[in-house]
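Overview (structure and organization)
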Amino acid sequence: MNDSHTRRRAGHTSARQFLQTVLQRYAGLSEYADRGQVQIWLGREPYAIEFRTARNAAGDFRFDFDCPHPYQPLRHHISHHSLGWVADDAFLTLGYPTPEQPLSRRFDDRSYAVAAATGISKGSAHTIASLLFPETGGLSLLSLQRLRFRGLKQVDGVACYRITGHWDRSRVTLLIGMHDLLLRECTEHRRRRVERRWPCALSTLAGPETFTAPPASAAASTTLTTSP
């Protein structure tokens, strides 16, 4: 499919205008959930983090992600982490030093909690937080330059628009559902990073405990706040 035909099918004059519509779609969602994976390459070996996202109608948010040990022989050791907020109570819980005694921190500013989780989650925490809550800040899809429609691609039976752009010198490819306008895949080619998402019903992931802030750890009882 050529570029002009793809634009007509998208109903937008440019890929940037289309992404603006995608961001409006996410910002307007009252509920959202997905499962996914972010994969990077450490030398010759792939390294994958599994994650789950949940957002309810009250604006509460939960992002759970499971990180295997980066050393290949120890990949069976997996740390379970959680980022989220309930009302104005933002938290990041890290599954160490042990799963039985996780380290949990509180944040007055949600963006600080997201920033703290971004590196550990290989960027996936920021991807979804910035889509669902635009005030998160940092790079967004609209930060991409040289945006182009590149035709259509099927992802698990879902027709997606394929869009390319650049963050600095890194080429990025996005796959976004044609009808639901939800991100299915984001590939940063220079970093050899692929983030895949499978949207699902909130009820399949969220239970009564999902949107309950964990107790703060004694070792991390200080709440991180913004400067005056």
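The structure displayed is predicted, hence computed values, not measured ones.

1. What to know about the packing of aromatic side chains
Inspection of the entire model under this criterion finds nine aromatic pairs. Seen in terms of ring centroids, Phe18 and Tyr161 are 5.3 Å apart; in terms of plane orientation they differ by 80°. Their pairing is edge-to-face. Of this pair, Phe18 sits in helix H2 (residues 15-27) while Tyr161 sits in strand S8 (residues 158-167), and the two are 143 residues apart along the sequence. Taken as a pair, Phe18 and Tyr161 share a single burial class, namely buried. Between Phe61 and Trp85 the ring centres are 4.8 Å apart and the planes differ by 35°, which places this aromatic pair in the tilted class. A residue pair is termed long-range when its members are at least 10 positions apart, and Phe61 in strand S3 (residues 61-68) and Trp85 in strand S4 (residues 78-86) qualify at 24 residues. Of the two residues examined, Phe61 and Trp85, each falls in the buried class. Ring pairing ties together the aromatic residues Phe18, Phe149 and Tyr161, which thus form one cluster.

2. Here's the deal with the pattern of salt bridges
Enumeration over the complete set of coordinates arrives at eleven salt bridges. Ionic pairing is found between Arg196 and Glu185, a salt bridge with its closest N-O pair at 3.4 Å. Of this pair, Arg196 sits in strand S11 (residues 193-199) while Glu185 sits in strand S10 (residues 183-188), placing them eleven residues apart in sequence. On the basis of relative accessibility, which here comes to 26%, the residue Arg196 falls in the partly exposed class. In this structure, Glu188 engages Arg193 in a salt bridge whose closest nitrogen and oxygen atoms are separated by 3.0 Å. Connected through shared salt-bridge partners, Asp34, Glu188, Arg191, Arg193, Glu195 and Arg197 make up one network.

3. Looking at the side chain of Asp66
Considering the arrangement of structural elements, one finds Asp66 in strand S3. A distance of 3.1 Å separates the side chain of Asp66 from the side chain of Arg52, its partner in a polar contact. Separated by 2.8 Å, the side chains of Asp66 and His80 make a polar contact. Sequence-distant contacts of Asp66, defined by excluding residues within four places in its chain, comprise Ala48, Ile49, Glu50, Arg52, Ile78, Ser79 and His80.

4. So, the pairing of strand S2 (residues 45-55)
Relative to S2, strand S1 (residues 32-42) runs antiparallel, the two sharing eleven bridges. Of the residues in S2, the one forming a bridge with Arg35 is Arg52. Turn length for the S1-S2 hairpin, with the two strands adjacent in sequence and antiparallel, is two residues, and the turn residue Gly43 shows positive phi of about 70°. Strand direction decides the pairing type here: S2 and S3, joined by six bridges, are antiparallel. Bridged to Phe51 within S3 is Phe65. Hairpin connection from S2 to S3: five residues lie between these consecutive antiparallel strands, with Gly59 at a positive phi of about 90°.

Definitions and limits used
- Residues numbered from 1 in each chain as written.
- Predicted model: local features only at pLDDT ≥ 70, side-chain atom pairs only at ≥ 80, totals over all residues.
- Heavy atoms only, no water.
- Phe/Tyr/Trp six-rings, centres within 6.5 Å; stacked < 30°, edge-to-face > 60°.
- Helix = DSSP H or I, 4+ residues; strand = E, 2+ residues; numbered from the N terminus.
- Buried < 20%, exposed > 50% of the residue type's maximum accessible area, 1.4 Å probe, protein only.
- Salt bridge = Lys/Arg side-chain N within 4 Å of Asp/Glu carboxyl O.
- Polar contact = N/O pair within 3.5 Å; in protein donor to acceptor, adjacent residues only side chain to side chain.
- Contact = heavy atoms within 4.5 Å.
- Pairing = 2+ DSSP bridges.

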